[in-house]
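Summary of the model geometry
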Amino acid sequence: MNERPIFCLGIATSPRLGGNTTILLEKALAGAAAAGARTELVTLNSFSFSPCLACDGCFKEGKCVVQDDMQLIYEKLLSADRIILAAPIFSMGMCAQAKAMVDRTQRFWSTKYVLSRDVIIDKENRPSRKGIFISTAGSNHKNVFDGALQVAKYFFLMLEAEFAGNYCYPQADEKGTILNHPEALQEVYRAGLDLARNSTSTDPSNRTAENI
Ligand SMILES: Cc1cc2nc3c(=O)[nH]c(=O)nc-3n(C[C@H](O)[C@H](O)[C@H](O)COP(=O)(O)O)c2cc1C
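Predicted, not measured: the structure shown is a model, and the values here were computed from it.

1. Some details on the site of the ligand
The environment of the ligand is made up of 17 residues, and the closest members are Ser14, Thr21, Ile89, Ala172 and Asp173. Contact distances for the ligand include 2.6 Å between an oxygen atom and a backbone N or O atom of Ile89. Contact with the protein chains covers 75% of the free accessible surface of the ligand, which is 640 Å². Listing elements by their share of the shell around the ligand, those giving two or more residues are α1 (20–34) and β4 (89–90). Residues belonging to the shell around the ligand are distributed by class as follows: seven nonpolar, eight polar and two charged.

This is the structure in structure tokens:
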């Protein structure tokens, strides 16, 4: 039986510090903390790392040979029991900062599909891994979250974390405007709570608060 608290990692990927996705992430982490999780918010902007170089260096051992700050992020991603990815929509996809991090999970793709190994080797001694995706967009375009959602699902698959839902809010453009939408803040707080409680009440259907 695992005695340690669930570790819930939140990754704020927007370059706009204190922006809408980060506000939502903070709420979700507050929910997770209320459920007893140990939480950590990582601001990707404060780390320096290159995009994937497609050098295939990870094909040998499943480790990324590029020695930059992504090595610190890998450690956090591997040790987390719950992962909350928060990324705004830029040009109809997730922001470049988030996508660069996802591309660097190529080492996990390589572990799984080149080396045929598990990414999480001590699964049976750990709580099950789960993740949720949080996003905002300025517009209300019908498909505005579709691309980012596909990438988020891929990210969690590579991390061997079950995708436990997405919380995507359109028509939230100005910095901080999401604060005017308490239903969105409440929804992500609840999602964080459920995520850390190991509840099955989160579902992977696309949640979008319409007309905000
Ligand atoms: C470079 C850039 C590109 C954007 N592209 C889109 C877009 O394609 N569709 C959209 O609806 N909003 C777009 N937006 C608006 C953001 O998605 C929106 O402001 C979001 O709330 C930002 O989240 P943040 O405050 O967490 O950074 C864009 C914003 C920027 C800065």
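2. Some thoughts on the packing of helix α4 (residues 96–103) against helix α6 (residues 146–158)
Put simply, α4 and α6 touch, their axes get as near as 10 Å, and they point 35 degrees apart. In this structure, α4 meets α6 at a crossing whose hand is left-handed. Taking contact as the criterion, the partners of Lys99, Met101 and Val102 in α4 are, on α6, Val151, Tyr154 and Phe155. Along the lines of polarity and charge, the residues of the contact of α4 with α6 split into five nonpolar, no polar and one charged.

What counts and how
- Residues numbered from 1 in each chain as written.
- Predicted model: local features only at pLDDT ≥ 70, side-chain atom pairs only at ≥ 80, totals over all residues.
- Heavy atoms only, no water.
- Near = heavy atom within 4 Å.
- Polar contact = N/O pair within 3.5 Å; in protein donor to acceptor, adjacent residues only side chain to side chain.
- Areas by Shrake-Rupley, 256 points an atom, 1.4 Å probe, with all protein chains shown as cover.
- Helix = DSSP H or I, 4+ residues; strand = E, 2+ residues; numbered from the N terminus.
- Nonpolar A, V, L, I, M, F, W, Y, C, P; charged D, E, K, R; others polar.
- Axes fitted to C-alpha atoms, helices over the stretch in contact; angles between N-to-C directions.
- Left-handed = near helix turned anticlockwise from the far one by under 90°.
- Contact = heavy atoms within 4.5 Å.

None of the figures reported here should be taken as evidence of function without further support.
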